[in-house]
Amino acid sequence: MTKSTDPLIVIASNRGPFSFEKTGKGEFDVKRGAGGLVTALSALAERHEVLWVASTMTKDDRKWVKHHEGQVQNVEGINLKLVDPDPDAYEGYYNVIANPLLWFIQHQLWDIPRKPSITEETWKSWEEGYKPVNQIFAKAIAEAVEGSDRPVIVMPQDYHLYMAPHYLRQELGEQVQIQPFIHIPWPGPDAWRILPTQIRIPLLSSLLESDRVGFQTKKDAFNFVQTCRFYLEGAHSHGRRDAIEYQGRDVAARDFPISIDVNRVQTMVAEHETQLEKNQLMNIVGDRSLILRVDRVEPSKNNLRGFEAYRTLLENHPEHRGKVQFLALLVPSRMKVGAYSDHLAEVMAEAGMINATYSNSFWEPVRIVLGDNYRRALAAMQIYDILLVNPIADGMNLVAKEGVLVNQQDGVLILSEFAGAFYELGENALTVSPFDVYGLSEMMHKALTMSGTERQRRAEKLRKTVMAADVREWFYAQVDEALHALNSQDKKSSTPSTPSA
Ligand code: ADQ
């Protein structure tokens, strides 16, 4: 039974843990999302009461909301409330402001002479899409927690909900702790000049209505402090790299590096179905060395330069021809956004060129498999010799963590210095600048010719690092910090004030 001092944790995220499929009158099938956040939250729910607020994604999600009259429902042990924004508002919020504008700013993916253009549509989407949808989230949360006699900690997730702290304060004042977590990189002040002042200032000041803001790395947290200092009049860090004072509130900027669900991943790789996938892949690879990449088709993941580097490797080191296989497991994503569909076309063309130049009747140097198949991805990770993770910018990159955990070949991780994972895994990976195609090709050569002892030494250390930090700890650390702050507040307010002389 929950005591009245136990906190209520509210997670708010654009996408929820489940999707629904209507099967009959008032009956729905529940599909559980695969993300680490769902697992972490389920574990958190064993310790605290948790409510998850998310947006509908499909027509059937909307029917589910209607059927339950918008009320909180317990689904597979998680209390869930779905908000159902107007489709036009959602379109502006999601497809104009969040993706691509904020995502592109934070991954610095610009083609500056041409893009971005802040158009009338951008302004309209900010006013009539992003802000109202954030407000809907805040209202739904306020409705759900109203009257609670327990401490409430609200944790908005990621760049879709930057305005949520502001609306939450409007709805709930100081009764709640607000602690967003930002999954993607936070660049320094210069990147944010792209936003008009009338968007930039409300966005930053909203985040500073939180009690603390969580980031993947210390660098992101520091960049956030610098950005706020640079743009917000009256914001002071007082020389600190991890906190900022603004309008009477001292807001901490903290790093909580996300991880994976170690048990779940290990269980999945041991299952028979994964073994079957692995056998199929082994038939494709044969006795060649496997260079693997596993990502969404996403400009920030830098798929194209990965192929260019492979081509350079085959040009400069002909001894690897026929002896190496590049396998790319790619999930097409956000295909409605031009930059994404163009990126996929370029990737396919580059792979086609490599195959046209080097393949023979026994060997096709590049294999691309499109589709979202997590089991197949884990199976491939078991057998790589090289895992290529070369993003231009990445909050963390969970593929790097999954890969080093499950790999059985003492495979080498080639890792971009601009992935958040670099700070934990960089020491035992081969690290590269994502822009240096030649450097990457030479790293591939180095990995392909590395001694077995060296590979083993690095692989063991990488595995240990990942095993030591599970996604549950990522969540617990954030909640514990909020609880600690709550307890110190309580102590302060219950300490009798010293009578004045
Ligand atoms: P993403 O950008 O989605 O996440 P990432 O961290 O790599 O990137 O997670 C992707 C997940 O999808 C992994 O679990 C991976 O195995 C899976 N996946 C990728 N390609 C796949 C494929 N072809 N088939 C099947 N499964 C595939 C955002 C941020 C990251 C941050 C996470 C979590 O951009 O930087 O690490 O959130 O905070």
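Residues numbered from 1 in each chain as written. Predicted model: local features only at pLDDT ≥ 70, side-chain atom pairs only at ≥ 80, totals over all residues. Heavy atoms only, no water.

### As for the overall build of the chain
Okay, so step 1: Along its length, the chain carries 17 helices and 17 strands.
Okay, so step 2: Its C-alpha atoms give the chain a radius of gyration of 24 Å, near enough to 23 Å, the size a compact globule of 501 residues would have.
Okay, so step 3: Projected onto the principal axes, the alpha-carbon positions of the chain cover approximately 85 × 55 × 50 Å.
Okay, so step 4: Within the chain, the fraction of its 501 residues that count as buried is 55%. (Helix = DSSP H or I, 4+ residues; strand = E, 2+ residues; numbered from the N terminus. Rg over C-alpha atoms; globule rule 2.2 N^0.38 Å. Buried < 20%, exposed > 50% of the residue type's maximum accessible area, 1.4 Å probe, protein only.)

### Brief notes about the pattern of salt bridges
Okay, so step 1: For the structure shown, the criterion picks out 31 salt bridges.
Okay, so step 2: Residues R32 and E76 are paired through a salt bridge, measuring 3.5 Å at the closest nitrogen-oxygen approach. Taken together, the positions of R32 in strand β3 (residues 27–32) and E76 in the loop between β5 (73–75) and β6 (78–83) put the pair 44 residues apart, joining distant regions of the chain.
Okay, so step 3: Assessed through its relative accessible area of 39%, R32 is described here as partly exposed.
Okay, so step 4: Classification of E76 by relative accessible area gives partly exposed; the value is 48%.
Okay, so step 5: Three or more residues joined by partner-sharing salt bridges are found here, namely R169, E174, D211 and R249. (Salt bridge = Lys/Arg side-chain N within 4 Å of Asp/Glu carboxyl O.)

### Regarding the side chain of E402
Okay, so step 1: Mapped onto the fold, E402 is located in helix α13 (residues 398–406).
Okay, so step 2: For the buried E402, no salt bridge exists, and the shortest N-O distance to an oppositely charged side chain is 6.6 Å, to R264. (Lys, Arg positive; Asp, Glu negative; His and termini not counted.)

### Focus on the pairing of strand β9 (residues 212–215)
Okay, so step 1: Covered by surrounding structure in β9 are R212 and G214 together with V213 and F215, the residues of both alternating faces.
Okay, so step 2: Two elements, β9 and strand β11 (residues 249–255), share four bridges in a ladder whose sense is parallel. The partner of R212 across the bridge, within β11, is A252. (Pairing = 2+ DSSP bridges.)

### What to know about the site of the ligand
Okay, so step 1: Around the ligand, the surrounding shell holds 24 residues, and the nearest of these are H183, R296, D394, M396 and E402.
Okay, so step 2: In this structure, L329 approaches the ligand through a main-chain N or O atom, which is 3.1 Å from a nitrogen atom.
Okay, so step 3: The separation between an oxygen atom of the ligand and a polar main-chain atom of L398 is 2.8 Å.
Okay, so step 4: In the complex, the protein chains occlude 84% of the 720 Å² of accessible area that the ligand would expose alone. (Near = heavy atom within 4 Å. Polar contact = N/O pair within 3.5 Å; in protein donor to acceptor, adjacent residues only side chain to side chain. Areas by Shrake-Rupley, 256 points an atom, 1.4 Å probe, with all protein chains shown as cover.)

### Observations concerning the sheet that holds strand β10 (residues 243–246)
Okay, so step 1: A sheet is described by the order of its strands in space; here three strands give the open sequence β9-β11-β10, paired in mixed fashion. For this open sheet the edge positions go to β9 and β10, each flanked by a neighbour on one side alone. This sheet shows a mean twist of 20° between the axes of neighbouring strands, independent of strand direction.
Okay, so step 2: As defined by bridge partners, β10 adjoins β11 across four bridges and the pair is classed as antiparallel. Residue A243 lies in a different strand from β11, and its bridge partner there is A252. (Axes fitted to C-alpha atoms, helices over the stretch in contact; angles between N-to-C directions.)

### A short note on a negative patch on the surface
Okay, so step 1: A surface patch of negative charge is lined by D86, D88, E91 and E121.
Okay, so step 2: Of note, D86 is situated in the loop between β6 and α3 (87–107).
Okay, so step 3: Among the residues examined, D86 registers a relative accessible area of 45% and is labelled partly exposed. (Patch = residues over 30% accessible without salt bridge, like charges linked within 9 Å, V, L, I, M, F, W, Y side chains within 5 Å. Charge placed at Lys NZ, Arg CZ, Asp CG, Glu CD.)

### Focus: the sheet that holds strand β15 (residues 386–389)
Okay, so step 1: One open sheet holds the six strands; their spatial order is β14-β13-β12-β15-β16-β17, and the pairing between them is parallel. Each edge of the sheet is formed by a strand with only one pairing partner; in this case those strands are β14 (366–370) and β17 (430–432). Each strand axis lies, on average, 20° off the axis of its neighbour in the sheet, ignoring direction.
Okay, so step 2: Against the sheet, helix α15 (residues 437–448) makes contact with β12 (289–297), β13 (324–332), β15, β16 (412–416) and β17, and its axis sits at roughly 175° relative to β17, the strand it touches most. (Contact = heavy atoms within 4.5 Å.)

### Focus: α3
Okay, so step 1: Along α3, the sharpest change in direction is near 35° and occurs at A98; proline P100 comes one to four residues later.
Okay, so step 2: Across the 21 residues that make up α3, a large majority, 16, are buried.
Okay, so step 3: Q108 sits one or two positions beyond α3 and adopts a positive phi of about 50°. (Bend = angle between axes of the 7 residues up to and from the residue.)

### Focus on empty space enclosed by the protein
Okay, so step 1: As enumerated under the stated definition, the model contains one cavity of 30 Å³ or more in all.
Okay, so step 2: Here the largest cavity is characterised by a volume of approximately 50 Å³.
Okay, so step 3: Around the largest cavity, the lining residues are Y384, V404, N407, G411, V412, L413, A459, L462 and R463.
Okay, so step 4: Of all the elements in the fold, those that place two or more residues in the lining of the largest cavity are β16 and α16 (452–467).
Okay, so step 5: Looking at which element gives the most residues to the lining of the largest cavity, the answer is α16, with three residues. (1 Å grid on protein atoms, 1.4 Å probe; cavity = no way out; pocket = protein on both sides within 12 Å on 5 of 7 lines; lining within 4 Å. Points joined across faces, edges and corners; volume = space filled by probe spheres on them.)

### A look at the confidence of the model for the chain
Okay, so step 1: Mean pLDDT over the chain: 93, with 96% of residues reaching 70 or higher.
Okay, so step 2: Note on residues 497–501: pLDDT is under 50 here. Beyond four places in sequence and across chains, it has zero contacts. (pLDDT = per-residue confidence, 0-100.)

### Overview of the packing of α13 against α16
Okay, so step 1: Contact geometry for α13 and α16: axes closest at 8 Å, N-to-C directions at 120°. The two elements α13 and α16 meet at a crossing, and its hand is left-handed. Along its contact with α13, which presents K401, V404 and L405, the element α16 presents L462, R463, V466 and M467. (Left-handed = near helix turned anticlockwise from the far one by under 90°.)

### Some words on the packing of helix α12 (residues 374–382) against α13
Okay, so step 1: At their nearest, the axes of α12 and α13 sit 8 Å apart, and the two run at 55° to each other. Classed by the angle they form, the pair α12 and α13 counts as oblique. Where α12 crosses over α13, the two elements pack in a sense that is right-handed. Residues Y374, L378, M381 and Q382 of α12 form the contact with α13, whose own contacting residues are V399, E402, G403 and V406. (Parallel < 35°, antiparallel > 145°, perpendicular 65-115°, else oblique.)

### Section: α12
Okay, so step 1: Burial of α12 is extensive: seven of the nine residues sit out of reach of the surface.
Okay, so step 2: By the burial criterion, the buried members of α12 are R376, A377, L378, A379, A380, M381 and Q382.
Okay, so step 3: Structurally, α12 contributes buried residues whose contacts are with α8 (262–270), α9 (272–285), β12, β13, β14 and α13.
Okay, so step 4: Its side-chain oxygen placed 3.3 Å from the backbone nitrogen of R375, N373 serves as the N-cap of α12.

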